[in-house]
Amino acid sequence: MGPPETIQEIACQQVMVDDASIYSIQWTDLPDPIADSLSAATLLSRYLGYIHSCTQALIRPTTLESGIEFRLLWTRLSLISFLPPEFIDSSATLHICGGFLVQPRKSDHGKLRFGIEHLNGYVRATLQLTDYYPMILGGHSPSPIRFWLYRYTQAALHRLVTVRFMSLLYGELAGFPAAVRIVNVFVRAGKAL
């Protein structure tokens, strides 16, 4: 166990923007000595492994020639499908291309980006979801019931999974867990989730 004063801050924002798409961002700053060799490819790989383990294989990230699918259990049902990762500079981006949880008319929108930024004395690891149109919301003007249903199911799970992933990442790299402090940030305007 690390020193009791070790605190890991994880910044979060999740909103529904004007066109009823979802914007979500989480980041954490990791000390240079433990994260200097961390790359976007490694972050993506660790995340895919984490999704498999944290859901106890309920969701199986499956890599295909056509991309990556988050499949339900042992079936071929893809909850969300992505094109192959695109690596640019210090980021890996998965472009959404379909899946059961995505509105069919918007299946070619949306990105899940894994970013690494080397700053003065630390490394910022970022997960960012943009332009995602969840099936639960139904369209450009979701009813209050659809909004609340999304907020308390998919949005809550996404935040929980991402925060837990960043917390475990810190613990694995540092060799000990840290107390986590969630910091709500403002990056983009929208209706808070």
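Residues numbered from 1 in each chain as written. Predicted model: local features only at pLDDT ≥ 70, side-chain atom pairs only at ≥ 80, totals over all residues. Heavy atoms only, no water.

Colleague: Explain the overall build of the chain to me, please; I cannot follow it from the model alone.
Modeller: Each helix and strand in the chain was counted, giving three helices and 11 strands. In sequence order, the chain lays out its α and β elements as β-β-α-α-β-β-β-β-β-β-β-α-β-β. Its C-alpha atoms give the chain a radius of gyration of 17 Å, near enough to 16 Å, the size a compact globule of 193 residues would have. C-alpha extents for the chain along the principal axes are approximately 50 × 35 × 30 Å. (Helix = DSSP H or I, 4+ residues; strand = E, 2+ residues; numbered from the N terminus. Rg over C-alpha atoms; globule rule 2.2 N^0.38 Å.)

Colleague: How should I be thinking about the nonpolar core in this particular structure?
Modeller: The nonpolar side chains of a soluble globular protein tend to be buried with one another. Core analysis: the biggest nonpolar cluster contains 44 residues, and Y47 and F114 have the highest contact counts within it. Among the elements that take part in this core, helix 3 (residues 144–174) stands out by supplying nine residues, more than any other. Other than its neighbours up to four places away in sequence, F114 contacts A40, L43, L44, Y47, S90, S91, A92, L94, T126 and L127. Ranked by size, the runner-up nonpolar core spans six residues in total, among them V15, Y23, I25 and W27. (Core = buried A, V, L, I, M, F, W, Y, C linked by side-chain atoms within 4.5 Å. Buried < 20%, exposed > 50% of the residue type's maximum accessible area, 1.4 Å probe, protein only. Contact = heavy atoms within 4.5 Å.)

Colleague: Would you mind showing me how to read the packing of aromatic side chains here?
Modeller: Each pair of aromatic rings is reported with the distance of its centres and the angle of its planes. In total, this model carries seven aromatic pairs according to the counting rule given. Considering the side-chain rings of F70 and F82, the 5.5 Å spacing of their centres and the 65 degrees angle between planes classify their relative orientation as edge-to-face. Of this pair, F70 sits in strand 4 (residues 67–72) while F82 sits in strand 5 (residues 78–82), and the two are 12 residues apart along the sequence. When its relative accessible area of 9% is taken as the criterion, F70 is described as buried. With a relative accessible area of 3%, F82 lands in the buried category. For the pair W148 and Y152, a centre-to-centre distance of 5.5 Å together with 10 degrees between the ring planes defines the contact as stacked. Here W148 and its partner Y152 are both found in helix 3, four residues apart, which amounts to about one turn of the helix. In this structure Y152 comes out as exposed when scored by relative accessible area, which is 56%. Chaining the aromatic ring pairs together yields one cluster made of Y47, Y50, F114 and F165. (Phe/Tyr/Trp six-rings, centres within 6.5 Å; stacked < 30°, edge-to-face > 60°.)

Colleague: Is there a simple way to think about the side chain of Q14 in this case?
Modeller: Mapped onto the elements, Q14 comes out in strand 1 (residues 7–16). A residue is classified by how much of its surface remains accessible, and Q14, at 7% relative accessible area, is buried. Apart from the residues within four sequence positions on either side, Q14 is in contact with Y23, S24, Q26, A155, H158, R159, K191, A192 and L193.

Colleague: Can you walk me through helix 3 in this structure?
Modeller: Taking 1.5 Å per residue as the helical rise, helix 3 with its 31 residues ought to reach 45 Å, and the 43 Å between its terminal C-alpha atoms agrees with that figure. One or two positions beyond helix 3, positive phi appears at G175, with a value near 90 degrees. (Expected span 1.5 Å × (residues − 1).)

Colleague: What exactly am I supposed to notice about the state of the cysteines here?
Modeller: Two cysteines, two sulfur atoms, one covalent bond between them: this is a disulfide. By the definition in use, this model includes zero disulfides. No disulfide involves C12; its sulfur sits 15 Å from the nearest other cysteine sulfur, which is in C54. Overall, the relative accessible area of 1% leaves C12 in the buried class. A relative accessible area of 31% means that C54 is categorised as partly exposed. (Disulfide = S-S within 2.5 Å.)

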